[in-house]
Amino acid sequence: SAIYLAAAAERRGLSVELLDLDIQGSASSWCEHGHPATVTAHRVGVGSLDKPSKAEVTIIDTSPANQKEIDRAAQVADYVVIPSQPGVLNDERAMATWNYLHAKGAAAAVLLVGIEARRAISANSKARFDGAAHIFETMIPRRSAIAQSANHWPANLFGDDQVFNEILEEVA
């Protein structure tokens, strides 16, 4: 999601800094294989989040399981995106994360990703969040092209451009 949101911001003509806190370093590795000149990516530690960015948009990619990273990123972020694939356990984890961040005063929303058209599980996931946590109106479809696009700057955003618009509306 971080790469696709960075691409959405870049396509709007905004400069983007992608800070990759995730120990796997997938987002920064992806950018090492090519990205527009208006996008910079860095593998960083939690302490680096105190440094001001010169970019118009800063995206912080964290590990979903590292509480210290999530806490620090949420403290400095204008908005937190919680990606979640459909399914009862994923929904419960995403809702718990949203509740945790909401209690700390962070603006956040759950982004349903990997959504299969005409699948009841997708509708069930959206229904489970209804009224319990803020979710994005846009859902990201399940597409093999998304998985196959690793290490290539996204040509098709599959809805992340609409998600970025929703974020801009929320922080305005």
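Located above this text is the structure these notes cover.
Colleague: Mind laying out the overall build of the chain, listing which residues take part and the relevant values?
Modeller: On a plain count of helices and strands, the chain comes out with 7 helices and 5 strands. Ordering the α and β elements of the chain from the N terminus gives α-β-α-β-β-α-β-α-β-α-α-α. For the chain, whose C-alpha radius of gyration is 15 Å, the value lies close to the compact-globule estimate of 16 Å for 172 residues. Projected onto its principal axes, the C-alpha coordinates of the chain cover approximately 40 × 35 × 30 Å. Here the chain holds 172 residues, and 43% of them are scored as buried. Looking at the chain alone, contacts between residues at least 24 apart form 72% of all its contacts between residues at least 6 apart. Total accessible area computed for the chain in this model is approximately 9,400 Å², and 50% of it derives from carbon and sulfur atoms. Where the 15 positive side-chain charges of the chain centre and where its 21 negative ones centre are 4 Å apart.

Colleague: Summarise the pairing of strand 5 (residues 108–112); cite the residues concerned and give the values.
Modeller: Summarising burial for strand 5: 5 of the 5 residues are buried, a large majority. Burial along strand 5 is two-sided: Ala 108, Val 110 and Leu 112 facing one way and Ala 109 and Leu 111 facing the other are all buried. Of the strand pairs in this sheet, strand 4 (residues 80–84) and strand 5 are connected by 5 bridges, and their pairing is parallel. From the neighbouring strand, Ser 84 faces strand 5, where its bridge partner is Leu 112. Assessed by its sense of winding, the connection that carries the chain from strand 4 through helix 4 (residues 88–103) to strand 5 is right-handed.

Colleague: Describe in detail the pattern of salt bridges, supporting the description with residues and values.
Modeller: On inspection of all chains with the given rule, the structure shows 1 salt bridge. Between Arg 72 and Asp 50 there is a salt bridge, with its nearest N and O atoms 2.1 Å apart. Note that Arg 72 is positioned in helix 3 (residues 67–76) and Asp 50 in the loop between strand 2 (39–43) and strand 3 (57–61), a separation of 22 residues in sequence.

Rules behind the numbers
- Residues numbered from 1 in each chain as written.
- Predicted model: local features only at pLDDT ≥ 70, side-chain atom pairs only at ≥ 80, totals over all residues.
- Heavy atoms only, no water.
- Helix = DSSP H or I, 4+ residues; strand = E, 2+ residues; numbered from the N terminus.
- Rg over C-alpha atoms; globule rule 2.2 N^0.38 Å.
- Buried < 20%, exposed > 50% of the residue type's maximum accessible area, 1.4 Å probe, protein only.
- Contact = heavy atoms within 4.5 Å.
- Areas by Shrake-Rupley, 256 points an atom, 1.4 Å probe, with all protein chains shown as cover.
- Lys, Arg positive; Asp, Glu negative; His and termini not counted.
- Charge placed at Lys NZ, Arg CZ, Asp CG, Glu CD.
- Pairing = 2+ DSSP bridges.
- Right-handed = clockwise from strand over helix to strand, strands pointing away.
- Salt bridge = Lys/Arg side-chain N within 4 Å of Asp/Glu carboxyl O.

The analysis is restricted to geometry; functional conclusions fall outside its scope.
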